[in-house]
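Architecture and fold: a report
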Amino acid sequence: MATTADLQRLDSAHHLHPFTDHETLRREGSRIVVGGEGVWVTDTDGRRILDGMSGLWCVNVGYGREELAEAACRQMQQLAYYNSFFKTTTAPTVQLAAHLIALAPPGFSDVMFASSGSEANDTAIRMIRHFWALQGKPEKQVIISRHGAYHGSTIAGASMGGMPAMHGQLHVKLGGFHHVMPPYAFEYAEPGEDEHDFGLRAARAIEEAILEIGPDRVAAVVGEPVMGAGGVRIPPSSYWPAVEAICRHHDVLLHADEVITGFGRLGHWFGCEALGFTPDVITCAKAITSGYQPLSAVLINKRVAEGLMQGGEFFHGYTHSGHPVACAVALANLDILEREGLVERVRDHIGPYFTQQLRTLADHPLIGEVRSFGLIGALELVADKATRRRFAAEAAVGIRCRDLCFAHDFVMRAVGDTMVLAPPLVISEAEVDELIRRIGSVLDRLHEELQAPPVALPLAGSLTR
Ligand code: PXG
């Protein structure tokens, strides 16, 4: 049996981690996670860690669900792989497509599968652009996105996303994407500006972009109903209905990237329902299997589907599109979500409880804003509570907070100085209390450290511990 030190040595020698500064990681070593049950994971040192992030926003039904392992095992024993090319498919693939359409908002009719959120978004981009070409409008190709959006890590996903650091490393960014202001009141609202009015102003930024580019050149608007990786940016309720109206008015498709918000995170099957709008295209991944298998899907409405079907063959697909094992696990995962009423539980019970408990942190001197929706939440760390002035970026206060959370055996992610949470939908009230208690201790500790002279501070920027 390999020891922690053995695994860390091999990890350092050979494994490149996603989104990681390897020089720092190799100095400090990785935490190696070996088990999980409910909302808890265990590492090789035997520490139990309360996972406030559902892995990476995905383990909605919690860890350790044997029936998902059994679904995978059964399907592997019966048929581990077959594809959906060349007029073939498999039973779980078909059943899952039908099930997703039954859960989707009215008007949706067809599903195409892939394995990751990034691939789903690449697929959606290709579908949307091809749809307009088939409509006889090949010049309608530009996709409007928002600054701070995360749409994945492939070249198209990173180009469509609004992360400046990722754009910087693309070197040659794909064309045909335009970014506008996000509906993020904490940073973009004018002093004293009403939330509702701010939401409408952020929607107007989209309309202004459509008019500037020309409606005959704009293919779609894309957005996460609530921006996740960009720092849990929750739009005012006025935003999405206004964006939808603008898209309809200018005949621009609306693409909801539901990779984080799908499957109950916001108390509805899809986030668009929670935010009051109906898109034409939905991409989803992550919690479609609660992370137990890699799987993603693009859902399209009748209009887009019928348009695409007029075009003969659509030259797109992956070896693992509609993989039968992933689809079988997704079906079993949807069954758990339905049978245990986990989506309604978020809407009616544990979501409101989480919000209420998270709000108790609002008085803390380091907290400039607390916000949440369903089981997604954020805490803004600020240097000055009255003016909401942020800390200097070099102080890396968010990263220090995250590292303290790890040291206190729980996971809360840092996006700059925005601390974000997305616990599994099965979290109990007692576990919410425990999470909030641990966050409170970490904030107190961080506050003390920040008062102390800089030499007393732990090394900033550490990644794992
Ligand atoms: N869209 C959205 C909205 C996402 O959040 C993707 C697309 C891409 O999915 P894949 O499966 O290709 O990773 C995502 C993924 C983080 C973090 O640290 C967030 C994601 C992935 C990894 C890390 O917040 N979101």
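The structure displayed is predicted, hence computed values, not measured ones.

Focus on the nonpolar core
- Counting residues in each nonpolar core, the largest one holds 112 residues, and the members touching the most others are Phe263, Phe270, Leu381 and Ile439.
- Per element, the largest residue contribution to this core is ten residues, and it comes from helix H14 (residues 324–339).
- Taken together, domain 1 (31–61 + 341–450) and domain 2 (67–339) each give at least three residues to this core, which thus spans both.
- Judged by nonpolar contacts, the second largest core, of 22 residues, contains Ala124, Met160, Phe177 and Val304.

Points about the environment of Ile336
- As for its placement among the helices and strands, Ile336 is situated in helix H14.
- For Ile336 and Ala202, which are 134 residues apart along the polypeptide, the C-alpha to C-alpha distance reads 37 Å.
- Excluding residues within four positions of it along the chain, Ile336 makes contact with Val61, Arg65, Glu67, Leu68, Gly341 and Leu342.

What about the sheet that holds strand S9 (residues 281–284)?
- Reading across the sheet, the seven strands line up as S4-S10-S9-S8-S7-S5-S6 and stay open at both edges, with mixed pairing between neighbours. The open sheet has two edge strands with one neighbour each: strand S4 (108–114) and strand S6 (177–180). Ignoring strand direction, the axes of neighbouring strands in this sheet form an average angle of 20°.
- Most of the contacts of helix H6 (residues 117–134) go to strand S10 (residues 296–301), to which it runs at about 25°, and overall it touches S4, strand S5 (142–146), S6, strand S7 (218–223), strand S8 (253–257), S9 and S10.

Structural notes on the pairing of strand S2 (residues 40–43)
- Pairing of strand S1 (residues 33–37) with S2 involves four bridges; the strand directions are antiparallel. Bridging across to S2, Val33 finds its partner in Asp43.
- Adjacent in sequence and paired antiparallel, S1 and S2 are bridged by two residues, among which Gly38 carries a positive phi angle near 65°.
- Here S2 folds back onto strand S3 (residues 48–51), and the loop between the two strands holds four residues, one of which, Gly46, carries a positive phi near 80°.

Regarding the site of the ligand
- Neighbouring residues of the ligand: 16 residues in total, closest Trp57, Gly117, Ser118, Asp257 and Arg413.
- A distance of 3.4 Å separates a nitrogen atom of the ligand from a polar atom in the backbone of Tyr150.
- A distance of 2.5 Å separates an oxygen atom of the ligand from a polar atom in the side chain of Arg413.
- If the ligand stood free it would expose 540 Å²; the protein chains cover 84% of that surface.
- Contributing elements (two or more residues each) for the shell around the ligand: helix H3 (54–57) and H6.
- Here the shell around the ligand takes three residues from H6, the largest share from any one element.
- Residues that form the shell around the ligand fall into these classes: six nonpolar, six polar and four charged.

Observations regarding the packing of helix H15 (residues 342–359) against helix H17 (residues 429–451)
- Look at H15 against H17: their axes get within 10 Å of each other, and the N-to-C directions meet at 25°. Here H15 is positioned roughly parallel relative to H17, judged by the angle of their axes. Every pair of crossing elements has a handedness; the one defined by H15 and H17 is right-handed. Here H15 contributes His349, Ile350, Tyr353, Phe354, Gln357 and Leu358 to the contact with H17, which in turn contributes Glu429, Val432, Asp433 and Ile436.
- Partitioned by chemical class, the residues of the contact of H15 with H17 number six nonpolar, two polar and two charged.

Regarding the domain arrangement of the protein
- In terms of domain boundaries, the protein breaks down into domain 1 (31–61 + 341–450) and domain 2 (67–339).
- For domain 1 and domain 2, the distance between their C-alpha centroids amounts to 26 Å.
- Between domain 1 and domain 2, the contact holds 33 residues from the first and 33 residues from the second.
- Buried surface at the junction of domain 1 and domain 2, both sides included, amounts to about 2600 Å², of which 64% is carbon and sulfur.
- Taken together, the connections running from domain 1 to domain 2 amount to one salt bridge.
- Glu187 is the partner of Arg390 in a salt bridge, and the nearest nitrogen-oxygen pair spans 3.2 Å.
- On inspection of domain 1 and its partner domain 2, the count reaches 18 residue pairs in polar contact (both at pLDDT 80 or more).
- Of all the secondary structure elements, the ones that give two or more residues to the side of domain 1 that touches domain 2 are H3, H15, strand S11 (367–373), strand S12 (376–381), strand S14 (413–415) and strand S15 (418–421).
- For the side of domain 1 that touches domain 2, the element with the most residues is S11, which contributes five residues.

Let's talk about the packing of aromatic side chains
- Considering all chains together, one arrives at seven aromatic pairs under this definition.
- Considering the side-chain rings of Phe19 and Tyr150, the 6.3 Å spacing of their centres and the 65° angle between planes classify their relative orientation as edge-to-face. With Phe19 in the loop between helix H1 (4–14) and helix H2 (22–28) and Tyr150 in the loop between S5 and helix H7 (155–160), this pair connects stretches of sequence that are 131 residues apart.
- On the basis of relative accessible area, Tyr150 is assigned to the partly exposed category, the value being 25%.
- Feature note: the residues Tyr239, Trp240 and Phe277 constitute an aromatic cluster, connected by ring pairs.
- Taking the ring centre of Trp132 as reference, the NZ or CZ of Lys140 above it sits at 4.7 Å.

Digging into helix H5 (residues 91–103)
- Between its first and last C-alpha, H5 extends 19 Å over 13 residues, near the 18 Å set by a 1.5 Å rise per residue.
- Buried within H5 are the following residues: Pro92, Thr93, Leu96, Ala97, Leu100 and Leu103. Projected down its long axis, H5 carries its buried residues within an arc of 135°, all on one side.

Details of the side chain of His167
- Relative to the assigned elements, His167 resides in helix H8 (residues 164–170).
- Here His167 is in contact with Ala158, Ser159, Gly161, Gly162, Lys173 and His179, once residues within four sequence places are set aside.

Quick look at the pattern of salt bridges
- Using the criterion set out here, one finds 21 salt bridges in the structure.
- Here Arg248 and Glu244 are joined by a salt bridge, their closest N and O atoms 3.6 Å apart. Placement of the pair is Arg248 and Glu244 together in helix H11 (residues 239–249), with a separation of four residues, close to one helical turn.
- Arg437 is the partner of Glu434 in a salt bridge, and the nearest nitrogen-oxygen pair spans 2.8 Å. Taken together, the positions of Glu434 and Arg437, both in helix H17 and three residues apart, correspond to about one turn of that helix.
- For Arg437, a relative accessible area of 49% translates into the label partly exposed.
- One network of salt bridges, in which partners are shared, links Glu187, Glu369, Arg371, Glu380, Arg388 and Arg390.

So, how was this worked out
- Residues numbered from 1 in each chain as written.
- Predicted model: local features only at pLDDT ≥ 70, side-chain atom pairs only at ≥ 80, totals over all residues.
- Heavy atoms only, no water.
- Core = buried A, V, L, I, M, F, W, Y, C linked by side-chain atoms within 4.5 Å.
- Buried < 20%, exposed > 50% of the residue type's maximum accessible area, 1.4 Å probe, protein only.
- Helix = DSSP H or I, 4+ residues; strand = E, 2+ residues; numbered from the N terminus.
- Domains from an automatic or database assignment.
- Contact = heavy atoms within 4.5 Å.
- Pairing = 2+ DSSP bridges.
- Axes fitted to C-alpha atoms, helices over the stretch in contact; angles between N-to-C directions.
- Near = heavy atom within 4 Å.
- Polar contact = N/O pair within 3.5 Å; in protein donor to acceptor, adjacent residues only side chain to side chain.
- Areas by Shrake-Rupley, 256 points an atom, 1.4 Å probe, with all protein chains shown as cover.
- Nonpolar A, V, L, I, M, F, W, Y, C, P; charged D, E, K, R; others polar.
- Parallel < 35°, antiparallel > 145°, perpendicular 65-115°, else oblique.
- Left-handed = near helix turned anticlockwise from the far one by under 90°.
- Buried area = accessible area lost by both parts, 1.4 Å probe.
- Salt bridge = Lys/Arg side-chain N within 4 Å of Asp/Glu carboxyl O.
- Phe/Tyr/Trp six-rings, centres within 6.5 Å; stacked < 30°, edge-to-face > 60°.
- Lys NZ or Arg CZ within 6 Å of the ring centre and 35° of its normal.
- Expected span 1.5 Å × (residues − 1).
- Arc of directions from axis to C-beta.

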